[in-house]
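# Examination of the molecular architecture
One-letter residues, chain by chain:
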Amino acid sequence: MQGQPMIVLGEDSQRMKDKDAQSHNISAARAVAESVRSTLGPKGMDKMLVSSIGDVTVTNDGVTILTEMDIDNPTAEMIVEVAETQEDEAGDGTTTAVAIAGELLKNAEDLLEQDIHPTAIIKGFDLAATEAKAQINDIATDVESGDEELLKKVAETSMTGKGAELNKELLAQLIVDAVNAVTVEAEDDSVIADLEYLNIETQTGRPVSDSELIEGAVVDKDPVHEEMADDVEDADILLLDTAIELDETEVDAQLTVDDPSQLQNFLDQEEQQLEAMVDAIADTGANVVFCQKGIDDMAQHYLAKRGILAVRRAKKSDIEFLREVLGANIVSDVHNATAEDLGHGSVRRDEKEGLFYVEGEADTAHGVTLLLRASTEHVVDELERGVQDALDVVASTVANGQILGGGGAPEVELASRLRDYADGVSGREQLAVEAFADALELIPRTLAENAGLDSIDSLVDLRAAHESGDLEAGLNVYSGDVVDTLDAGVVEPAHAKRQAISSAAEAANLVLKIDDIIAAGDLSTGGDEEAGGPGGPGGAPGGMGGMGGGMGGMM
Ligand code: ADP
Ligand code: MG
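So, a few notes on the structure that sits alongside this text. Counting restarts for each chain, with residues numbered from 1 along the sequence as it is written. As they are written, the chains are lettered A onward and the ligands numbered 1 onward, keeping that order. Per-residue local features are limited, in this predicted model, to residues with pLDDT of at least 70; the limit for side-chain atom pairs, both in listing and counting, is 80 or more; totals at the level of whole chains, interfaces and linings are taken over all residues. The basis for the side-chain values is all heavy atoms of the structure; hydrogens and waters are excluded.

### Digging into the overall build of the protein
Just so we agree on the cut-off: Secondary structure elements are taken from DSSP: a helix is a run of H or I of four residues or more, a strand is a run of E of two residues or more, and numbering for both begins at the N terminus. Accessible area is worked out with a 1.4 Å probe on protein chains only. A residue is then buried under 20% of its type maximum, exposed over 50%, and partly exposed in between. Contact criterion: two residues are considered in contact whenever any of their non-hydrogen atoms come within 4.5 Å of each other. Note on areas: these come from Shrake-Rupley sampling with a 1.4 Å probe, and a residue is covered only by the protein chains present in the view.
Within the protein one finds 19 helices and 21 strands. By principal-axis analysis of the C-alpha atoms, the protein measures approximately 90 × 65 × 45 Å. Of all 555 residues assigned to the protein, the portion counted as buried reaches 50%. The long-range share in the protein, meaning contacts at least 24 apart out of those at least 6 apart in sequence, stands at 74%. Only carbon and sulfur atoms are counted for the fraction: they give 45% of the accessible area of the protein, which is about 25,400 Å².

### Examining the sheet that holds strand β4 (residues 141–142)
Just so we agree on the cut-off: The pairing criterion is simple: DSSP has to find at least two bridges between the two strands.
One open sheet holds the three strands; their spatial order is β4-β17-β20, and the pairing between them is antiparallel. Each edge of the open sheet is held by one strand with a lone partner, namely β4 and β20 (491–493). As paired elements, strand β17 (residues 402–405) and β20 share three bridges and run antiparallel to each other. Directly across from Leu404, in β20, lies its bridge partner Glu492.

### Some words on the packing of aromatic side chains
Applicable threshold: Stacked, tilted and edge-to-face pairs are distinguished by plane angle, under 30 degrees for stacked and over 60 for edge-to-face with tilted covering the rest, among Phe, Tyr and Trp rings (Trp via its six-membered ring) whose centres lie within 6.5 Å.
For the structure shown, the criterion picks out two aromatic pairs. Considering the side-chain rings of Phe125 and Phe436, the 5.7 Å spacing of their centres and the 70 degrees angle between planes classify their relative orientation as edge-to-face. Here Phe436 lies in helix α14 (residues 429–440) and Phe125 lies in helix α5 (residues 118–139), a separation of 311 residues in the sequence. Owing to a relative accessible area of 0%, Phe125 belongs among the buried residues under this scheme. Phe436 gets classed as buried once you look at its relative accessible area, which sits at 1%. Taken together, a centroid distance of 6.3 Å and an interplanar angle of 85 degrees make the contact between Phe290 and Phe356 edge-to-face.

### Some thoughts on the sheet that holds strand β8 (residues 212–215)
Our working definition: Axes, fitted as lines to C-alpha atoms, cover a helix only where it is in contact. Angles between the N-to-C directions of the axes lie from 0 to 180 degrees.
The strand order β7-β16-β8 describes an open sheet built from three strands, whose pairing is mixed. Looking along the sheet, the strands with just one partner apiece sit at the ends: β7 (198–204) and β8. In this sheet, adjacent strand axes meet at a mean angle of 25 degrees when their direction is disregarded. Where β7 lies against strand β16 (residues 368–374), seven bridges are found, and the strand directions are parallel. Bridge pairing in β16 places Thr204 opposite Ala374.

### Regarding unusual backbone geometry
Despite not being glycine, Asp115 has its phi angle at roughly 65 degrees, a positive value. Mapped onto the fold, Asp115 is located in the loop between α4 (94–113) and α5. Owing to a relative accessible area of 55%, Asp115 belongs among the exposed residues under this scheme.

### Side note on the environment of His225
Put simply, the rule is: For this analysis, a polar contact is any N or O atom pair within 3.5 Å, provided that within protein one partner can donate a hydrogen and the other can accept it, and provided that sequence-adjacent residues contribute only side-chain to side-chain pairs.
Relative to the elements of secondary structure, His225 occurs in the loop between β9 (217–219) and β10 (232–240). Sequence separation of His225 and Val311 is 86 residues, and the distance between their C-alpha atoms is 8.7 Å. In contact with His225, not counting residues within four places along its chain, are Gln300, His301 and Ala304. A polar contact of 3.1 Å, which involves the side chain of His225, links it to the backbone nitrogen of Glu227.

### As for a negative patch on the surface
Operational definition: Any residue with relative accessible area above 30% and no salt bridge may belong to a patch, with like charges joined within 9 Å and the nonpolar Val, Leu, Ile, Met, Phe, Trp and Tyr side chains within 5 Å. Each reported salt bridge corresponds to a side-chain nitrogen of Lys or Arg within 4 Å of a carboxyl oxygen of Asp or Glu. None of His or the chain ends enter the tally, which takes Lys and Arg as positive and Asp and Glu as negative. To locate a charge, take NZ of a lysine, CZ of an arginine, CG of an aspartate or CD of a glutamate.
There is a patch of like negative charges on the surface, built from Asp70, Asp72, Glu77, Glu81, Glu84, Asp88 and Glu89. Along the chain, Glu77 turns up in helix α3 (residues 74–89). Since its relative accessible area comes to 38%, Glu77 is described here as partly exposed.

### Topic: helix α15 (residues 442–450)
Since there are 3.6 residues in each turn of an α-helix, residues three or four apart along the chain are aligned in direction. With seven of nine residues buried, α15 is to be regarded as a mostly interior element. On its buried face, α15 sits against α1 (18–37), α4, α13 (409–423), α14, α16 (455–467) and β18 (473–475). At the C-terminal side of α15, Gly452 shows a positive phi close to 75 degrees.

### Side note on the site of ligand 1
As a reminder, the rule being used: Definition of nearness: a residue and a molecule or strand are near each other if at least one heavy atom of the residue lies within 4 Å of the molecule or strand. Amino acids outside the nonpolar list (Ala, Val, Leu, Ile, Met, Phe, Trp, Tyr, Cys, Pro) and the charged list (Asp, Glu, Lys, Arg) are all regarded as polar, and Gly is one of them.
Around ligand 1, 21 residues are found, and the nearest of them are Asp92, Thr95, Thr96, Gly407 and Glu492. Within the backbone of Gly407, one N or O atom sits 2.7 Å away from an oxygen atom of ligand 1. Protein chains shield 94% of the accessible area of ligand 1, which is 570 Å² for the free molecule. When residues of the shell around ligand 1 are traced back to their parent elements, those giving at least two are α4 and α15. Here the shell around ligand 1 takes three residues from α4, the largest share from any one element. Grouping the constituent residues of the shell around ligand 1 by class yields seven nonpolar, 11 polar and three charged.

### Remarks on the nonpolar core
To keep it simple, the criterion reads: Each nonpolar core is a collection of buried residues, namely Ala, Val, Leu, Ile, Met, Phe, Trp, Tyr and Cys, held together in the definition by side-chain atoms within 4.5 Å.
Counting 68 residues, the largest nonpolar core has Ile121, Phe125, Phe436 and Leu512 as its most contacted members. At 10 residues, the largest contribution of residues to this core is made by α4. Non-local contacts of Phe125, meaning those with residues more than four positions away in its chain, are made with Leu104, Ala108, Ala432, Ala435, Phe436, Ala508, Asn509 and Leu512. Formed by 45 residues, the second largest nonpolar core is a distinct cluster that contains Leu238, Val278, Ile308 and Phe356.

### Brief notes about the packing of helix α6 (residues 148–159) against helix α12 (residues 377–400)
When two helices pack together, you describe them by how their axes are tilted relative to each other and by the distance separating the axes. Selection criterion: Two helices that cross are described as forming a left-handed crossing if the nearer one is turned anticlockwise from the farther one by less than a right angle, and a right-handed crossing if clockwise.
Look at α6 against α12: their axes get within 8 Å of each other, and the N-to-C directions meet at 145 degrees. Crossing handedness for the pair α6 and α12: right-handed. Across the interface between the two elements, Leu151, Val154, Ala155, Ser158 and Met159 from α6 touch Gly386, Val387, Asp389, Ala390, Val393, Val394, Thr397 and Val398 from α12. Residues belonging to the contact of α6 with α12 are distributed by class as follows: nine nonpolar, three polar and one charged.

### Let's talk about helix α11 (residues 316–326)
Every buried residue belonging to α11 is among Asp318, Ile319, Phe321, Leu322, Glu324, Val325 and Leu326, and all of these are buried. Of the residues trailing α11, Gly327 is marked for its positive phi of about 65 degrees.

### Overview of the side chain of Thr95
Structurally, Thr95 can be placed in helix α4. Of the residues examined, Thr95 reaches a relative accessible area of 8% and is grouped as buried. Once residues lying within four places of it in the same chain are set aside, the contact partners of Thr95 are Val36, Thr39, Leu40, Asn60 and Gly62.

### What about the packing of α5 against helix α18 (residues 494–512)?
We count it as follows: For classification purposes, angles smaller than 35 degrees are called roughly parallel, those larger than 145 roughly antiparallel, those between 65 and 115 roughly perpendicular, and all remaining angles oblique.
Two elements in contact, α5 and α18, have axes whose closest approach is 10 Å; the angle formed by their N-to-C orientations is 175 degrees. Accordingly, the angle class assigned to the pair α5 and α18 is roughly antiparallel. Residues Pro118, Ile121, Ile122, Phe125, Asp126, Ala129, Ala132, Lys133, Ile136 and Asn137 of α5 lie in contact with α18, whose contacting residues are Ala494, Lys497, Arg498, Ile501, Ser502, Ala505, Ala508, Asn509 and Leu512. For the contact of α5 with α18, the per-class residue count stands at 12 nonpolar, three polar and four charged.

Next comes the structure, spelled out in structure tokens:
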């Protein structure tokens, strides 16, 4: 056979091959998937994430959980990427995508144990994913453009089980109105909802039901000087991303003075420079300035004297949104600012709330702000995540125009169609296609499980309904009954499901393709690789083991 192997790796490096490598990777990936499964669906639980500096996040959102978790395992990170891709591409369905990826790998492990080569599994998964996506087209229902009731249901489904749940009717209406406000018809007749023109502002201290949709932008700041006007009806607005201050270096320069008049001279000079900056602003014709950085006390005084309303340390995102709303330019050097850079509209002050409302001129203005309110910071943060997901799915429904029922209906239907399709697939790939079908059914099983229902009974009932031709049969997680999900108003954009299936399959295949792990440092595997799930034995790989165990213990 072979002679003495040549050693080319450094002393500290570690290597794992074939089955060891596969099972190492699969358990790491599965541990991640396990950690979010309990949050799936309307009855899913939340997780409390505590960062290393003690910041607390309470959330039900898959991608938030995974990105906030301190994951220290390269394979696990590939699964986190599934969630991130799903979030970017679809805005919702992150838990679904990750859970399916984990289940695909679990089923792949069974096939590997039967000595089926990874290439056959990968091929089968590819075939199945392609077929499933094609079948989604067949199952999906077209959305009539402007069907507001349906869009509201899409928003509500997305918010179910999130912080937004209690006020979901009001919020769904706000979300649909917001998306409508930024929806435009492109030249080729396609519609796009441009969420660039939509900003979310959050405020604590008032009930969620006081949330509102506001034309234009909202800036949560005070004027820098009490003598400034609160309301400016004909506002000519300058957006500035640099400070109205003198450079640090100029101020810090060492100064040796022989007599007091020299010091006075120097101070006068500084004042003059600041006054010149304010004059440059006034020369553009601006009567309002939103500045992203600081404004010197002296400059504040000059601004007030010239009747200019100024706000300092506005958020970068607010300045950028104001640019969209007003069609203004963001200026970096006041001495180069011109009238052309200004935006025009009105600025209104809500003294009680401490907010500025900024609207553009009727014919040029675009942009709305969704002002979300809730009692506390944690509540408003989770509300914002839920609303953000709902905005994304409504926008994607408007753009792609296709919906599916939820509650596990599409997964059961696709599984059944994939099993039919598998009959025509030859070789071992057939088993992989079947394994793929089984993996999709994880979704209805988990929805049932998280609702305290018997997952096997539920799945059997769902399958029976689909056998008899009810395409939209899904789970009512509150009653445990099988219902027509479209009638029940549980609807999701088809695009998100397609994306979830794609990214789950791609991630699973990426993991399966690896047969050799060469690590420059410690792979930190604890011997036996069984069960990387939450609360599993410390045998799971390195950081993940700790994570899985820790999270499991917490929930
Ligand atoms: P994800 O991160 O994948 O979006 P969610 O926790 O939002 O995870 O759960 C989404 C799942 O919950 C989908 O399968 C959806 O169909 C289902 N779902 C949402 N609302 C309902 C409902 N009222 N009844 C049954 N299933 C629902
Ligand atoms: Mg969701």
